[in-house]
Amino acid sequence: MEKICTAAELAAMVNGVVKGNAELKITGVNSLKLAGPTEASFLSNIKYKSQMDAGKAGAVLVVSDWKFEPKEGQTLILCQNPDKAFTKVCNFFAPEPIRHEAGIHPSAVVHPTARIAEDVYIGPTAVIEEGAVIGKGSVIEACVYVGPFAAIGENCLIYPNVSIMRYCKVGNRVIIHAGATIGADGFGYNTTFTGLVKVPQNGIVQIDNDVEIGANSTIDRARFGKTWIKKGVKIDNLVHVAHNVIVGECSALIGQCGIAGSAEIGRGVIVAAQSGVNGHITLGDGSKVAGASAVQRSVPPGAMVFGTPAESEEDFIERHMLPRKVRKLAARIEKLEALLAEKETKAQ
């Protein structure tokens, strides 16, 4: 069913003010570049205003204290934070979530000792092994594997082709996207004269409430104890978390980053895309790791690190500025040497 609202209704939705046609009908959302005359978009950074000027968006959410006027055929919605406000607009136009009727698909394989709560949906060819537990209201989509004695809490959404291996624990309201693997063996080997000998990985993975894990990410089981993803953590696609890692509450691990074994990530930490974190180190609460950085030493709370090897912002800037400073100094020395040579020539 198509959703439609007027610019005035959209403004009311985000506590904004209309500048332009309040009766403009909005039928959806899109980017500044691609939005059409009946679609809404947003502009939160003035440097992208050229995209708005060149585009055809019917309504654009902008910062309330910007003074420019809407161009012909365009309506502005003035609001405090266009980026956050646009999330509300996107939610309004989002399609209704797919509803699954409780029940077990005939092609699913569920062990007789598994405990399946009320209102659970188990999709085609899913496998639920011996002693596994699934809490009420959870959705287990097609081809999911839930290993022996694994436990999944209430109101979880497990997308297709996820594997949750033996004894692992998943809390309530957890979302795990397609292809993720929870509880594969950690990478542990001893070196011997005859080659690498596997070290048993006897621990588990524990995922607390309200965690979301992206597609094709991997979280390894602990060598002993647990690999622990705490409450509210958000993990992007293609992230690797190694054995015995602890990730603190509300932290974010972004695409293609990797956390080596026994590292401890504090609360509210951001590890940006393609970064690597060394094993057995600590990232303090609220610290940030810039994209494509290699963190080799522990990072204090609230610090931000850049580069390879990762270092503080001040050190990073200084090191990158040093060659430029050296070139400038070399040019000044050349000029001084030329002046001295000229003076010596005149003195003779």
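For the structure itself, consult the block above.
Everything quoted here is computed from the prediction, not taken from an experiment. Throughout this document, residue positions are counted from 1 along each chain, in the order its sequence is written. In view of the model being predicted, local features appear only for residues whose pLDDT reaches at least 70, and side-chain atom pairs are presented and counted only at 80 or more, with totals across whole chains, interfaces and linings using the full set of residues. Values reported for side chains reflect all heavy atoms of the structure, with hydrogen atoms and water molecules removed beforehand.

A.B. asks: Where do I start with the sheet that holds strand E25 (residues 212-213) in this structure?
C.D. replies: Adjacent strands of a sheet pair through backbone hydrogen bonds, lying either parallel or antiparallel. Pairing between strands is defined by DSSP: at least two bridges between the two strands are required. A helix here means a DSSP run of H or I that spans at least four residues, while a strand means a run of E at least two residues long, and both kinds are numbered starting from the N terminus. Sheet architecture is open: 12 strands sit in the order E8-E11-E14-E17-E20-E25-E28-E31-E34-E37-E39-E40, paired in mixed fashion. If you trace the sheet from one side to the other, it starts and ends with strand E8 (103-104) and strand E40 (311-312), each paired once. As paired elements, strand E11 (residues 121-122) and strand E14 (residues 139-140) share two bridges and run parallel to each other. Among the inter-strand pairings, Ile122 is bridged to a residue of E14, identified as Ile140.

A.B. asks: How should I be thinking about the pairing of strand E21 (residues 181-184) in this particular structure?
C.D. replies: Looking along a regular strand, one sees the side chains alternate between the two faces of the sheet. Inspection of the sheet shows strand E18 (residues 163-164) paired to E21 by two bridges, in the parallel sense. Bridge pairing in E21 links Ser163 to Thr181. When E21 meets strand E26 (residues 218-220), the two strands line up parallel, connected through three bridges. Within E26, the residue paired with Thr181 across the bridge is Thr218.

A.B. asks: When you look at the pattern of salt bridges in this model, what are you seeing that I'm missing?
C.D. replies: In a structure, side chains of opposite charge can pair up when their charged atoms sit close to one another. We define a salt bridge as a contact between a side-chain nitrogen of Lys or Arg and a carboxyl oxygen of Asp or Glu at a distance within 4 Å. In total, this model carries eight salt bridges according to the counting rule given. One salt bridge connects Arg173 with Asp210, and the closest N-O pair in it is separated by 2.7 Å. Here Arg173, found in the loop between strand E19 (169-170) and strand E20 (175-176), pairs with Asp210, found in the loop between strand E24 (204-207) and E25; they are 37 residues apart in sequence, far enough to count as distant. Between buried and exposed lies partly exposed: a residue is buried under 20% and exposed over 50% of the maximum accessible area for its type, with that area taken using a 1.4 Å probe on protein chains only. Taking the relative accessible area as the measure of exposure, Arg173 reaches 43% and is therefore partly exposed. For Asp210, a relative accessible area of 23% translates into the label partly exposed. Between Asp185 and Lys198 there is a salt bridge; the shortest N-O distance is 3.1 Å. Linking Asp185 in the loop between E21 and strand E22 (189-192) with Lys198 in strand E23 (residues 195-198), this pair joins segments that are 13 residues apart in sequence.

A.B. asks: Which parts of the structure should I look at to understand the side chain of Asn244?
C.D. replies: Residue placement: Asn244 occurs in the loop between strand E29 (240-241) and strand E30 (246-247). Polar contacts here mean pairs of N or O atoms no more than 3.5 Å apart (in protein, one a potential hydrogen donor and the other a potential acceptor; neighbouring residues in sequence count only if both atoms are side-chain atoms). Here Arg223 takes part through its backbone nitrogen, which lies 2.8 Å from a polar atom of the side chain of Asn244. For Asn244, the side chain forms a polar contact with the main-chain oxygen of Phe224, separated by 2.7 Å. Ignoring anything within four residues of it in the chain, the contact list for Asn244 reads Ala222, Arg223, Phe224, Lys226, Thr227, Ser262 and Ala263. Contacts are assigned to residue pairs that have any heavy atoms within 4.5 Å of one another.

A.B. asks: Before we go on, may I ask you to explain the environment of Gly73 in this structure?
C.D. replies: Mapped onto the elements of the fold, Gly73 is located in the loop between strand E6 (59-63) and strand E7 (75-79). Owing to a relative accessible area of 68%, Gly73 belongs among the exposed residues under this scheme. For Gly73 and Lys56, which are 17 residues apart along the polypeptide, the C-alpha to C-alpha distance reads 8.5 Å.

A.B. asks: Even after reading the chapter, I still don't get the sheet that holds strand E35 (residues 276-277), so can you show me in this structure?
C.D. replies: Reading across from one edge, E9-E12-E15-E18-E21-E26-E29-E32-E35-E38 is the order of the 10 strands in this open sheet, with parallel pairing throughout. Looking at which strands have only one partner, the edges of the open sheet turn out to be strand E9 (109-110) and strand E38 (294-295). Relative to E35, strand E32 (residues 258-259) runs parallel, the two being bridged by two bridges. Looking at E35, one finds that Ile259 is bridged to Val277.

A.B. asks: Just checking my understanding: could you explain the layout of surface pockets for this structure?
C.D. replies: In this approach, a probe sized like a water molecule rolls over the atoms, and the result shows the empty space that is left. Taken as a whole, the largest pocket spans an internal volume of roughly 380 Å³. As for the largest pocket, its lining consists of 16 residues, and the residues nearest its centre are Pro97, Ile98, His100, Val139 and Leu157. Lining residues are those with an atom within 4 Å of a point, where the points come from a 1 Å grid over the protein atoms alone and group into cavities, where a 1.4 Å probe fits but cannot get out, or pockets, open sets with protein on both sides within 12 Å along at least five of seven lines. Grid points are joined across faces, edges and corners, and a volume is the space filled by probe spheres set on the points. If you add up the space inside the second largest pocket, you get close to 170 Å³. Considering the residues around the second largest pocket, the lining is formed by 14 residues, among which Arg297, Ser298, Val305, Ala310 and Glu311 are closest to the centre. Going through the elements one at a time, E38, strand E39 (304-306) and E40 are the ones with two or more residues in the lining of the second largest pocket. Taken together, the residues of the lining of the second largest pocket break down into nine nonpolar, three polar and two charged. Throughout, the ten residues Ala, Val, Leu, Ile, Met, Phe, Trp, Tyr, Cys and Pro are labelled nonpolar, Asp, Glu, Lys and Arg are labelled charged, and all others, Gly among them, are labelled polar.

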